[in-house]
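Each chain, letter by letter, is given below.
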Amino acid sequence: MAAHRGATAGRCPDFRDRGGAGAPRPAGPLRRHALGWAAHRPTRARGATCGPDARRCQRSCHPRHRSCHPRHRSCHPRHRGRNATRDRRDAGRSGAAVRAWRCARGLAHRRNPDRRTPRSRVHHTGNRGGLVNVTLFGLGYVGTVTATCLAARGHRVVGVDTDSGKAAAVNAGRPPVIEPGLEELLARAVESGALRATESVRDGLADSDLSLVCVGTPSATNGSTDLVQVRRVVGEIGATIATSDRPHTVVIRSTVPPGTVDDVVVPLLEQASGRTIGSDLQVAMCPEFLREGSSVADFFGPPFLVIGGAPAAAAAVRELFGFLDCSVHVVETRSAESVKYACNAFHALKVSFANELSRLYRMLDVDSRQVMDVFVQDRQLNISPAYLRPGFAFGGSCLPKDLRSLLYLGRMNNVDLPVLEASLATNEMLVREVADRILASVDDAATNPAHNRRVALLGLSFKHNTDDLRESPNVTLAEILIGKGLDVRIYDQVVNPAQLSGANLRYVQARLPHLQKVLHDDVAEALCGAHVAVVSSADRAVADAVVAAKPPVVLDLSGRLGAPLETLDGYQGVGW
């Protein structure tokens, strides 16, 4: 520690900036290193050499770049001894335990800095805010880890649990759950007085600013989410703060279905406390993203922080987690509740997808491990945001064909492939659902008293900026609507029947033999007199034409058409 602090208090003797040797220790994120300010610029003092990575080391070790990269610490003479000490300390520990230890001290580097969302789109946690008196309900895996890590960062935390054994274990400095790196952190937090546990709700809330609800939400026998513990805790919080006028924020950390905070937590809290959600009582949703076995490291290195609630509630949560170096997404409460379900469903889907392919590839004498090792290297489409925006069905000459090919191979080798089968099934269901919504809008006497059956279909190819109509869901949609007797008018700025050829021409001739009669060259002409406008094109001219025409019903299949169109009366999104 002394080697990093130097002879002059608050200065690092090894840092040379434009102003000369010795510079003030930086505030905020640059003070993350638990052993002091490690943001040294490497020098060649005492014969030290940095080797071929000297320039890279110099960039990463500069104070503006957080802290010295682990691979380059040995470049600096002062870092050699620290590396040896670290190696001795980490010997015999599991990787998860080492990561947890380093995360708790601010030593861990971001796992993938390229994953960060651009700053223009999200907020970021700033410098450390004030300390918060926290009451945490539920000392299971999520609760114990959260309480311990918050206390390790200086907050004063009281854990509340109806299980006397859990409370006693925490107060004795022993975690009631097993997690790498947790025992050491918890013992230190309890010893310092930053963390304690109790069975009494009133005792836990005596000096509390914020309640974190981390109780379990198991599945009921019918598959629904059991909210009994959430209801009980929220009621107890409300009854306890009813006699106090101290401002309080209740944050739901448990995984709960969309609408739980608005429809269950808020009414119950207001009823039990006799107070109204507002200036002195706030409610927020902040889901956790911890994995058992690495939860301490996950806590200090999350992919993002998601907060749902009013600005005042969001500000309280941001202050609580101000030490985290990650993007912060403040969204609607129902969206915050839904993000956790989306993440877990996608994780389950990934596991099932990989395992399903492996069952087929084994029968085909293919090493699925090698296939997936290559598969995950594609960061443009496979492991990326691509294809993860809600919208209309997939189509084209590749995806449907190749899925059917895999399913055929599965049948030939007696391998069931339910995930891949479901991909085709859900795609077809989406097309039928959109057709049903259009038919319902046309048949709705309240919104369509004149029984206008004209529909403008804006976009025919399977995706934007191509004239490929093969297996386009828009062609299938047009075929259904025409078959139901609707007056369909189609516009696509790219598709020209005179230029179609080969398989593309044969496909559309088989599905829409009278395309020439229903295809229009002008978008305004296609929209003229239409009761429903179905917009799959992302072209700006198309969106502007729809805004100008103002059809009674607008069904958006794109999701990228802009606010002017989305604020039209009668606007509907395909999945939002």
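Check the entry above for the structure.
A. Quick peek at unusual backbone geometry. A positive phi is found at Tyr387, a non-glycine position, where the angle reads about 65°. Along the chain, Tyr387 falls in the loop between α14 (368–375) and α15 (399–412). Residue classification places Tyr387 among the exposed residues on the basis of a relative accessible area of 68%. Of note in the backbone geometry, His451 takes a positive phi value of approximately 55° without being a glycine. Looking at the element boundaries, His451 is found in the loop between α16 (418–443) and β12 (454–458).

B. The arrangement of the pairing of strand β11 (residues 327–331) in detail. With four bridges joining them, strand β10 (residues 305–309) and β11 adopt parallel strand pairing. Bridging across to β11, Ile307 finds its partner in Val330. Taking the sense of rotation as the criterion, the β-α-β connection linking β10, helix α12 (residues 311–320) and β11 turns out right-handed.

C. Up close: the pattern of salt bridges. Scanning the model with the defined rule gives 16 salt bridges in all. The partner of Glu236 in a salt bridge is Arg232, and the shortest N-O contact between them spans 3.3 Å. Pair noted here: Glu236 and Arg232 are both in helix α9 (residues 228–241), with a separation of four residues, about one helical turn. In this structure Arg232 comes out as partly exposed when scored by relative accessible area, which is 33%. One connected set of salt bridges, linked through shared partners, spans Asp262, Asp263 and Arg334.

D. Seen up close, the packing of helix α10 (residues 260–273) against helix α13 (residues 333–363). Their axes nearest at 9 Å, the elements α10 and α13 cross at an angle of 110°. Our classification of the angle between α10 and α13 gives roughly perpendicular. Taken together, the residues of α13 that come into contact with α10 (itself represented by Thr260, Val261, Asp262 and Asp263) are Thr333, Arg334 and Glu337. A per-class count over the contact of α10 with α13 returns one nonpolar, two polar and four charged.

E. Highlighting the state of the cysteines. Inspection of every chain in the model, using the stated rule, returns zero disulfides. Here Cys214 stays free of any disulfide, with the sulfur of Cys286 as its closest cysteine sulfur at 9.5 Å. Classification of Cys214 as buried rests on a relative accessible area of 9%.

Reading the values: rules and limits
- Residues numbered from 1 in each chain as written.
- Predicted model: local features only at pLDDT ≥ 70, side-chain atom pairs only at ≥ 80, totals over all residues.
- Heavy atoms only, no water.
- Helix = DSSP H or I, 4+ residues; strand = E, 2+ residues; numbered from the N terminus.
- Buried < 20%, exposed > 50% of the residue type's maximum accessible area, 1.4 Å probe, protein only.
- Pairing = 2+ DSSP bridges.
- Right-handed = clockwise from strand over helix to strand, strands pointing away.
- Salt bridge = Lys/Arg side-chain N within 4 Å of Asp/Glu carboxyl O.
- Axes fitted to C-alpha atoms, helices over the stretch in contact; angles between N-to-C directions.
- Parallel < 35°, antiparallel > 145°, perpendicular 65-115°, else oblique.
- Contact = heavy atoms within 4.5 Å.
- Nonpolar A, V, L, I, M, F, W, Y, C, P; charged D, E, K, R; others polar.
- Disulfide = S-S within 2.5 Å.

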